[in-house]
Amino acid sequence: MSFDISLILDSLPKMLSGIGLTFQLLILSGVLGLFLAFVLLLMRLTEKWYFSFPAQIFIYVFRGTPILVQIFIIYYGLPQFEAIRESIFWPILREPFGCAIVALTLNTGAYVSEILRGAVLAVDRGLLEAGSALGLSRNQRFIYITSPLAIRLGIPPYSNDVISLLKSTALASTITVFDMMGIARTIVAETYAPYEIFISLAIIYMIFTFFIQKGFGYFENFMSRHVKK
Amino acid sequence: MTQPLIQMQNVDKFFGSFQALKNINLEVHKGERIVVCGPSGSGKSTMIRCINRLEKHNNGKIFIAGRELTDSEKDIDAVRREVGMVFQSFNLFPHMTVLRNLMLAPQLVRKNNKSKAKETAMKYLERVKIPDQANKYPSQLSGGQQQRVAIARALCMSPEILLFDEPTSALDPEMINEVLEVMEDLANEGMTMICVTHEMGFARSVADRVIFMDLGEIVEEASPQEFFENPKNERTKLFLSQILSH
């Protein structure tokens, strides 16, 4: 087997041209997913079953099924329904990119809401009792005590989820989105050189992961500044 | 006599099937200093935690300054504004400076403006003798300093009553005195206090009444002199012999 360096050098710029799309997938679904996760968290934290139960079902469904299956159901499945094709969501669900965003958002939202819930539950109960004893209302305790502490506790598992979301964006290529992975697959189909192409693609993803890790590391240090001596 | 500040009438508290408090009757008047002692698991903490509704009592009635503690959020909030609490594990907010810890509740609950809240905070930091630590985070202070900050934090709400839940139990021995001194000062200034503690020296010198609890009941209630010199109940005698023997 030969390892063709010039082929790598040729195809790197091509793959990197998909970087914008990869980042759009990551950032859009990351931000929307975080918002969704927060809504799900609030639903679960209320003691009303008609809020917490639907949230639990949603989380169970989206954590319990492969993301590739979710992407296929949304992309191939939903347009079968007349109601979907006539709904206001059709402009989004008509496009492979829109479908990918929807699938990634729903999936990451389910995971992240569990991360947030774990972080909220990990906040020392004594601090909330101190807040109660001082007369702070439930909302005030949540805003001033629980949230800042939970954010810090949630950073490490959350950064893990962002990294895994970055890699999940590659699945969008299965429904004809030309992100970095989509472009790589096209090049492989033309050149029959899977090793060169996929290995260099893997390295690109690793470099991004490195920066995400670093970024969250700084954020964690910033949020932990009160712990330092 | 005037109306008591705290009235507990036939209060029961259950945790599942375990009965933590059995028919508690207690009256505390303004300016009284009560020390509660007893073996661990006897219900001391649970009793004072019922007073500001950190625990919800199951039977009986509790009145604070004439207002009954019910499920009503309004009553609970009103009571909590008048009752300060100091915890065994300090429970300072770790992500806020000392000053912010003290200013938070006056600003949010009493709606004081920032400069007023800060002024009050500094006043009480002076009083617990650590104004120079105002801009540090709790983790940068010693245990004794943290507990003094916690006392100052409770005082900033100018409560009618202060509850102490084993305030010195988590401290290193050399730091116990600095906290007890602050508590004694408060007692001498006429603060109404209920103090769960094993510091018998403090009980002797400060308390108007000592309450001994065992198995969820108030077993004995007497002046400190009576309590230490001439305990009536066998369980009290046994407890005192255990903690005073060394």
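The structure this text deals with has already been given above.
Residues numbered from 1 in each chain as written. Chains lettered and ligands numbered in written order. Predicted model: local features only at pLDDT ≥ 70, side-chain atom pairs only at ≥ 80, totals over all residues. Heavy atoms only, no water.

What about the interface of chain A and chain B?
Across the contact, 23 residues belong to chain A and 23 residues belong to chain B. At the junction of chain A and chain B, the tally comes to 1 salt bridge. Measuring nitrogen to oxygen at the nearest pair gives 2.6 Å for the salt bridge that ties Arg49 of chain B to Glu129 of chain A. Joining chain A to chain B, the criterion identifies 3 residue pairs in polar contact (both at pLDDT 80 or more). Mapped by element, the contributors of at least two residues to the side of chain A that touches chain B are α8 (125-133) and α9 (138-168) of chain A. The element best represented in the side of chain A that touches chain B is α8 of chain A, accounting for 8 residues. (Contact = heavy atoms within 4.5 Å. Salt bridge = Lys/Arg side-chain N within 4 Å of Asp/Glu carboxyl O. Polar contact = N/O pair within 3.5 Å; in protein donor to acceptor, adjacent residues only side chain to side chain. Helix = DSSP H or I, 4+ residues; strand = E, 2+ residues; numbered from the N terminus.)

Brief notes about the sheet that holds strand β2 (residues 18-28) of chain B
All names here are of chain B. Reading across from one edge, β2-β1-β4-β5 is the order of the 4 strands in this open sheet, with antiparallel pairing throughout. Strand pairing shows two members of the sheet lacking a second neighbour, β2 and β5 (67-68), which therefore form its edges. Note that strand β4 (residues 59-64) and β5 share 2 bridges and pair antiparallel. Note that in β5 the partner of Ile64 across the bridge is Arg67. (Pairing = 2+ DSSP bridges.)

What about the side chain of His95 of chain B?
Residue position: His95 of chain B is located in the loop between β6 (83-86) and α3 (98-108). The buried category is assigned to His95 of chain B, whose relative accessible area is 16%. There is a polar contact of 2.8 Å between the side chain of His95 of chain B and the backbone oxygen of Tyr144 of chain A. With residues near it in sequence (within four places) discarded, His95 of chain B still touches Tyr144, Ile145, Pro148, Leu149 and His226 of chain A together with Tyr137 of chain B. (Buried < 20%, exposed > 50% of the residue type's maximum accessible area, 1.4 Å probe, protein only.)

Considering the pattern of salt bridges
All names here are of chain B. Tallied over the entire structure, the rule returns 23 salt bridges over all chains. Linking Arg209 and Glu32 is a salt bridge whose minimum nitrogen-to-oxygen distance equals 2.9 Å. Placement of Arg209 in strand β9 (residues 209-214) and of Glu32 in the loop between β2 and β3 (33-37) is noted, with a sequence separation of 177 residues between them. Residue Arg209 is classed as buried on the basis of its relative accessible area, which comes to 15%. Residue Glu32 is classed as buried on the basis of its relative accessible area, which comes to 16%. The closest approach of N and O atoms between Asp185 and Lys129, which form a salt bridge, is 3.7 Å. Separated by 56 residues along the polypeptide, Asp185 in helix α6 (residues 173-188) and Lys129 in the loop between α4 (114-127) and α5 (143-155) bring together distant segments of the chain.

A word on helix α2 (residues 73-82) of chain B
Residues that lie three or four places apart on an α-helix share one face, since the helix turns once every 3.6 residues. Restricting attention to buried positions, one finds in α2 of chain B the residues Asp75, Ile76, Ala78, Val79 and Arg80 of chain B. Buried residues belonging to α2 of chain B abut α8 and α9 of chain A together with α1 (44-51), β4, β5 and β6 of chain B.

A look at a nonpolar patch on the surface
Residue and element names in this part refer to chain A. Together, Phe3, Ile5, Leu9, Tyr195, Ile199, Ile203, Ile207, Phe210 and Phe211 give the surface a local cluster of nonpolar side chains, amounting to about 910 Å² of exposed area. Of all the secondary structure elements, the ones that give two or more residues to the nonpolar patch are α1 (5-16) and α11 (194-223). For the nonpolar patch, the leading source of residues is α11, giving 6 residues. With respect to the helices, strands and loops of the structure, Ile203 is situated in helix α11. (Patch = residues over 30% accessible without salt bridge, like charges linked within 9 Å, V, L, I, M, F, W, Y side chains within 5 Å. Areas by Shrake-Rupley, 256 points an atom, 1.4 Å probe, with all protein chains shown as cover.)

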